[in-house]
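Analysis of the macromolecular model
Residue strings, one per chain:
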2 protein chains.
Amino acid sequence: MTATMKARVHVMLKDGVLDPQGEAVRHALGTLGFSGVEAVRQGKVIELDLAATDKAAAEVEVKAMCEKLLANTVIEKYSIEIA
Amino acid sequence: MTATMKARVHVMLKDGVLDPQGEAVRHALGTLGFSGVEAVRQGKVIELDLAATDKAAAEVEVKAMCEKLLANTVIEKYSIEIA
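Criteria and thresholds
- Residues numbered from 1 in each chain as written.
- Chains lettered and ligands numbered in written order.
- Predicted model: local features only at pLDDT ≥ 70, side-chain atom pairs only at ≥ 80, totals over all residues.
- Heavy atoms only, no water.
- UniProt positions renumbered as here; feature names shortened; annotations may be inferred.
- Helix = DSSP H or I, 4+ residues; strand = E, 2+ residues; numbered from the N terminus.
- Rg over C-alpha atoms; globule rule 2.2 N^0.38 Å.
- Buried < 20%, exposed > 50% of the residue type's maximum accessible area, 1.4 Å probe, protein only.
- Contact = heavy atoms within 4.5 Å.
- Lys, Arg positive; Asp, Glu negative; His and termini not counted.
- Charge placed at Lys NZ, Arg CZ, Asp CG, Glu CD.
- Salt bridge = Lys/Arg side-chain N within 4 Å of Asp/Glu carboxyl O.
- Axes fitted to C-alpha atoms, helices over the stretch in contact; angles between N-to-C directions.
- Parallel < 35°, antiparallel > 145°, perpendicular 65-115°, else oblique.
- Nonpolar A, V, L, I, M, F, W, Y, C, P; charged D, E, K, R; others polar.

- Naming follows an unreviewed UniProt entry, where chain A appears as Phosphoribosylformylglycinamidine synthase subunit PurS of Albidovulum aquaemixtae.
- According to its UniProt record, chain A has this under Sequence similarities (unreviewed entry): "Belongs to the PurS family."

Dropping the structure here:
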């Protein structure tokens, strides 16, 4: 039996890339009276349950998933947490 | 001058709620040859830059933002990190 390992991937637009979704949220928050919001960036979080026992190997596999599917590395950056 | 505080909000579907987007990602990963993926849940991450100095007050304000706009609390749960 293999243990289950949890991985959490954050995918955000790169810093120079315009984020209209985040900007829309910022504007909506202003409309609702939240005046102290200076900037908003919105991204995705993907939680994976992996059948794996080795943390380093799991991280390598998740990195490959990010490069191939989860992130568009032209405009997006990603970070991986294995728990 | 007020300092800037960063807040990160995670919005995920509640555990009992079907997540077709996560399921689509799981299926696509399987198609790509990643066989060890048992479950995938996909959610949103929202990063806010706040003009605030008090961490506790910022957390209260972000919680209000989640309840009013960022999360649909009928089907979604959220968590807040203030940095």
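Text resumes after the structure shown.
1. Re the overall build of chain A
- Within chain A, the secondary structure is distributed over two helices and three strands.
- Compactness check: chain A gives a C-alpha radius of gyration of 16 Å against a globular reference of 12 Å for 83 residues, more than 25% above the reference.
- C-alpha extents for chain A along the principal axes are approximately 55 × 25 × 15 Å.
- The buried share of chain A, reckoned over its 83 residues, is 37%.
- Residue pairs in contact within chain A that sit at least 24 positions apart in sequence constitute 71% of those at least 6 positions apart.
- Put simply, chain A has 10 plus and 12 minus side-chain charges, and the middle of one group is 2 Å from the middle of the other.

2. Focus on the pattern of salt bridges
- Counted according to the given criterion, the structure contains eight salt bridges over all chains.
- Among the salt bridges present, the one from Asp49(A) reaches Lys6(A), with a minimum N-O distance of 2.8 Å. Taken together, the residues span a long stretch of sequence, with Asp49(A) in strand β2 (residues 37–51) and Lys6(A) in strand β1 (residues 4–13) at a distance of 43 residues.
- Across the pair Lys77(B) and Asp15(B) runs a salt bridge whose closest N-O atoms are separated by 3.2 Å. Here Asp15(B) lies in the loop between β1 (4–13) and α1 (20–31) and Lys77(B) lies in strand β3 (residues 76–82), a separation of 62 residues in the sequence.
- Taking relative accessible area as the criterion, Asp15(B) reaches 64% and is therefore assigned exposed.

3. Considerations on the packing of helix α1 (residues 20–31) of chain A against helix α2 (residues 55–70) of chain B
- For the pair α1(A) and α2(B), the least separation of the axes is 11 Å and the interaxial angle reads 105°. Relative to α2(B), the element α1(A) is oriented roughly perpendicular. Between α1(A), through Val25(A), Ala28(A) and Leu29(A), and α2(B), the contact on the second element is made entirely by Met65(B), Leu69(B) and Leu70(B).
- Partitioned by chemical class, the residues of the contact of α1(A) with α2(B) number six nonpolar, no polar and no charged.

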